[in-house]
Amino acid sequence: MPIIVNVDVMLAKRKMTSIQLANKIGLSPVNLSILKTGKAKGIRFSTLDALCEALDCQPGDLLEYRAPEEE
């Protein structure tokens, strides 16, 4: 998938655990894990807003587009 989720990068920069983040934004640890691994099919703007607020970052810090490689 060409959309890369960089939540782990921001967690490391903020020295925060996944459990702390999940509790802070009101998301279950399982759903946060699905998002972090890139297996989520979508993300609500309210969730993205909560992530940005909790991690003190911009949406572009969390999501990245990489074009698929040519075969």
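Scoring rules and cut-offs
Residues numbered from 1 in each chain as written. Predicted model: local features only at pLDDT ≥ 70, side-chain atom pairs only at ≥ 80, totals over all residues. Heavy atoms only, no water. Core = buried A, V, L, I, M, F, W, Y, C linked by side-chain atoms within 4.5 Å. Buried < 20%, exposed > 50% of the residue type's maximum accessible area, 1.4 Å probe, protein only. Helix = DSSP H or I, 4+ residues; strand = E, 2+ residues; numbered from the N terminus. Contact = heavy atoms within 4.5 Å. Axes fitted to C-alpha atoms, helices over the stretch in contact; angles between N-to-C directions. Parallel < 35°, antiparallel > 145°, perpendicular 65-115°, else oblique. Left-handed = near helix turned anticlockwise from the far one by under 90°. Nonpolar A, V, L, I, M, F, W, Y, C, P; charged D, E, K, R; others polar.

*Asks:* Got a minute to help me understand the nonpolar core in this structure?
*Replies:* As a rule of thumb, soluble globular proteins bury nonpolar side chains together. Within the largest apolar cluster, 17 residues are counted, with the highest numbers of intra-cluster contacts made by V7, L11, L21, L51, L55, C57 and L62. Elements represented by at least two residues in this core include exactly helix 1 (7–13), helix 2 (18–25), helix 3 (29–36) and helix 4 (45–55). When residues no more than four places from it in sequence are discounted, the contact partners of L62 are I4, V5, N6, V7, M10, L48, L51, C52, L55 and C57.

*Asks:* What's the story with the side chain of N6 in this structure? I'm lost.
*Replies:* Relative to the elements of secondary structure, N6 occurs in the loop between strand 1 (3–5) and helix 1. Judged by relative accessible area, N6 falls into the buried class, the value being 15%. When neighbours within four sequence positions are excluded, N6 is seen to be in contact with D61, L62 and E64.

*Asks:* Looking at this structure, how should I read the packing of helix 2 against helix 3?
*Replies:* Orientation of helix 2 relative to helix 3, taken along the N-to-C sense of each, is 110°, at an axis distance of 9 Å. In terms of axis orientation, helix 2 runs roughly perpendicular to helix 3. The two elements helix 2 and helix 3 meet at a crossing, and its hand is right-handed. From helix 2, S18, I19, L21 and A22 reach across to helix 3, where they touch P29, L32 and K36. Here the residues of the contact of helix 2 with helix 3 sort into five nonpolar, one polar and one charged.

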